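Structural features, examined
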Amino acid sequence: MIHFESDYLEGAHPKILERLVETNMDKTEGYGEDPYCASARDKIRKACDCPNAAIYFLVGGTQTNSTVIKALLRSFEGVMDAPSGHISCHEAGAIEAGGHKVFPLPSVDGKISGEEVDKFMKAFLADGNRDHMVRPGMVYISQPTEYGTLYTKKELEELSKVCRAHKIPLFMDGARLGYGLAASCNDVTLPDIARLCDIFYIGGTKVGALFGEALVMPDPDLIPDFFPMIKQMGASLAKGRLLGIQFETLFTDDLYFKISKHAIEMADKLEQGLKDKGYKFYINSPTNQKFIIVDNGKLEELGKSIFYEYVEAYDDGHTVIRFCTSWATAEEDLDKLLALL
Ligand SMILES: Cc1ncc(COP(=O)(O)O)c(C=O)c1O
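Summary of the structure given here. The structure displayed is predicted, hence computed values, not measured ones.

In this section: the site of the ligand. The environment of the ligand is formed by Gly61, Thr62, Asn65, His86, Glu91, Glu146, Asp173, Ala175, Arg176, Tyr201 and Lys206. Note that a nitrogen atom of the ligand is positioned 2.5 Å from one of the side-chain N or O atoms of Asp173. Contact with the protein chains hides 79% of the accessible area of the ligand, taken as 390 Å² for the molecule alone. At 3 residues, the largest contribution of residues to the shell around the ligand is made by helix H3 (residues 61–72). Of the residues assigned to the shell around the ligand, the class counts are 2 nonpolar, 4 polar and 5 charged.

Written out as structure tokens, the structure is:
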């Protein structure tokens, strides 16, 4: 059997494990107050060209999304998202369980636009019953999206402009941000994101870390008393240095960018191989996730030798599936996959 179903199949990049072993017997303060977290924060601030940013390390994506959204919204507010967005589809209702409505906005290729946010906000403001309704209080996007697509700089600028005009924060989930930054068509940099988003995270779990997400708040005053909120959500790791060590390593010598680039090189080769074999793509994803439409009979046969991710039924006879490459994809495994396809 060969595995291409996701980008979190392996443990961690060996350099991270080496650093964890080297520092294992150090004694440090907990909850992110240690020198490794401080150094990781400095490196991330530099990479984002954002010297004043507040940076927090959390453990996983769903936890980070629910913590940020809970901290930003008042009890009667909700969050706007694409209908395919991670918080809408794949977090078992974590946002709703936290007491907040998720508003699905019209989207194209998994992306929402500044224009749709503006329309939604204006319709809400024009509604005479608005004080009896859930107020749209923030926007959630992910880069890459759930379909592996990317917001361009222009699209992000438009979203940012509309959010700022309506005085609502723009939150970017970057669980796979490295793979977005490394894509050859990408024109958005970390400093662009820090300039255009009010809060975002740099994903580690899917990009070389054992676990961890680095949450960046360019304006440190965006959420007063954020640490106790993280704590209350159970999202603060006592041995916080494990997160600091991982992000310090990822942001040393451009490791995060180099390993992301590798995943994209493997993904580009996978895409070409799928095209050569005549597979039909569900969507054009320039990042590390590739979505194809497969005949159900063929899928049963593939399932005997390949682990893939089920995405959705396409029609009665076809299914959309996903293959992922990652920082750890070995080229010989990719060749084996292509031979089996
Ligand atoms: C875009 C995005 N955000 C958040 C998450 C959630 O991560 P976790 O499963 O670690 O909670 C994922 C996981 O697949 C994701 O793809």
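Counting 56 residues, the largest nonpolar core has Ile44, Val117, Val139, Phe200 and Ile202 as its most contacted members. With 5 residues, helix H12 (residues 255–276) is the single largest residue contributor to this core. Looking at which domains feed residues into this core, each of domain 1 (2–7 + 255–340) and domain 2 (14–250) gives three or more. Beyond its immediate sequence surroundings of up to four residues, Ile202 is in contact with Ile44, Cys48, Gly174, Leu177, Leu190, Glu213, Ala214, Val216, Phe247, Phe251 and Tyr256. Membership of the second largest hydrophobic core comes to 24 residues, among which are Ala54, Leu215, Met217 and Ile223.

This model, assessed by the stated rule, comprises 18 salt bridges. Between Lys153 and Asp192 there is a salt bridge, with its nearest N and O atoms 3.7 Å apart. Note that Lys153 is positioned in helix H7 (residues 153–165) and Asp192 in helix H9 (residues 190–196), a separation of 39 residues in sequence. We classify Lys153 as partly exposed; its relative accessible area is 28%. The class for Asp192 is buried, based on a relative accessible area of 8%. Residues Lys275 and Glu271 are paired through a salt bridge, measuring 2.9 Å at the closest nitrogen-oxygen approach. Placement of both Lys275 and Glu271 in helix H12 is noted, with a separation of 4 residues, approximately one turn of the helix. Three or more residues are tied together by salt bridges with common partners; here these are Lys153, Glu157, Asp192 and Arg195.

What follows covers helix H14 (residues 331–340). Considered for burial, the residues of H14 that qualify are Leu334, Leu337 and Leu338. Angularly, the buried residues of H14 cover 95° about the axis, an arc narrow enough to put them on a single face. With respect to the buried face of H14, the exposed residues turned more than 90 degrees away are Glu332 and Ala339. As for H14, its buried residues are in contact with strand E1 (2–3), H12, strand E11 (306–307) and strand E13 (318–324).

Overall, the coordinates contain 12 aromatic pairs when judged by the stated rule. For the ring pair Tyr256 and Phe257, a centre distance of 5.9 Å and an interplane angle of 90° mean the geometry is edge-to-face. Classification of Phe257 as partly exposed rests on a relative accessible area of 29%.

How each quantity is defined
- Residues numbered from 1 in each chain as written.
- Predicted model: local features only at pLDDT ≥ 70, side-chain atom pairs only at ≥ 80, totals over all residues.
- Heavy atoms only, no water.
- Near = heavy atom within 4 Å.
- Polar contact = N/O pair within 3.5 Å; in protein donor to acceptor, adjacent residues only side chain to side chain.
- Areas by Shrake-Rupley, 256 points an atom, 1.4 Å probe, with all protein chains shown as cover.
- Helix = DSSP H or I, 4+ residues; strand = E, 2+ residues; numbered from the N terminus.
- Nonpolar A, V, L, I, M, F, W, Y, C, P; charged D, E, K, R; others polar.
- Core = buried A, V, L, I, M, F, W, Y, C linked by side-chain atoms within 4.5 Å.
- Buried < 20%, exposed > 50% of the residue type's maximum accessible area, 1.4 Å probe, protein only.
- Domains from an automatic or database assignment.
- Contact = heavy atoms within 4.5 Å.
- Salt bridge = Lys/Arg side-chain N within 4 Å of Asp/Glu carboxyl O.
- Arc of directions from axis to C-beta.
- Phe/Tyr/Trp six-rings, centres within 6.5 Å; stacked < 30°, edge-to-face > 60°.

Don't take any of this as a statement about function, it's just geometry.
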